[in-house]
Amino acid sequence: MKKYILSFALACMSLLSFAQANYEKIMTEKIAKIETCKTPEDFQILANDFQRISDKEIAKWLPNYYAAFSYIQKGRVLMREGKMQDMDVVADQAQKFIDAAESIEKENSEIHLLQKMVYSLKMMVNPQERYMTFGMKAQEELTKAEKFDPNNPRVTLIKAEDIYFTPEQYGGSKTKGMEMFKTALEKFNSFKPKTNLSPNWGKGEAEYFINQPTR
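Residues numbered from 1 in each chain as written. Predicted model: local features only at pLDDT ≥ 70, side-chain atom pairs only at ≥ 80, totals over all residues. Heavy atoms only, no water.

1. Things to note about the overall build of the chain
Within the chain, the regular secondary structure consists of nine helices and zero strands. Sequence-ordered secondary structure for the chain, helices as α and strands as β, is α-α-α-α-α-α-α-α-α. On the principal axes, the C-alpha backbone points of the chain span a range of 80 × 35 × 30 Å. If you take every contact in the chain between residues at least 6 apart in sequence, the share linking residues at least 24 apart comes to 63%. Positive and negative side-chain charges in the chain, numbering 31 and 29 respectively, have mean positions lying 4 Å apart. (Helix = DSSP H or I, 4+ residues; strand = E, 2+ residues; numbered from the N terminus. Contact = heavy atoms within 4.5 Å. Lys, Arg positive; Asp, Glu negative; His and termini not counted. Charge placed at Lys NZ, Arg CZ, Asp CG, Glu CD.)

2. Concerning the pattern of salt bridges
According to the stated counting rule, one finds 15 salt bridges in the structure shown. The shortest N-O distance in the salt bridge between K60 and E57 comes to 3.1 Å. The partner of R76 in a salt bridge is E205, and the shortest N-O contact between them spans 3.4 Å. With R76 in helix α3 (residues 62-80) and E205 in helix α9 (residues 203-210), the pair connects residues that are 129 residues apart, well separated along the chain. Overlapping salt bridges, with partners in common, bring together D88, D92, K122 and R130 in one network. (Salt bridge = Lys/Arg side-chain N within 4 Å of Asp/Glu carboxyl O.)

Okay, structure coming up:
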């Protein structure tokens, strides 16, 4: 009887190990695609892929995180294209996955940073009317993200973006922003993600801004 119990336990362990390995393989493949996505349609397809994973892996926060991040990236592309009328819908889609991720993983710097980015997208639909609502909420989430992990290079990256793109009359500064991009890059160079699937995006963006010719 003991042999049967041991055999059953070993079989279960093997199945769990296989399932985990398969999950990590699929996630790794999808995360790698983030760097190659260019269009809103590309990011929508990727968001759908992560959603399918999250539907199966209900106890894991990362599939929800990356689904939200894909929607945020879609929104940022739409913003660059001037399609502000679509950004509220995209931000609301991202919000669903942020809520799901936070229900699993509490007080996580990376999740609060995505929440900040969602609020920023909603603010940019109409900055003058929405700054006192979504703009203030975005700053609150950025503060939380930094509190939970002061060494998170993505927090410094997003702070650099905010300063760089904010007009000087509203407290922005391209010079200060550039210095903060350099600080972000220093953090990226020493940063080690907790796992192979943990968030590790942003270094290329910091390098891009640093390598821009001075004006």
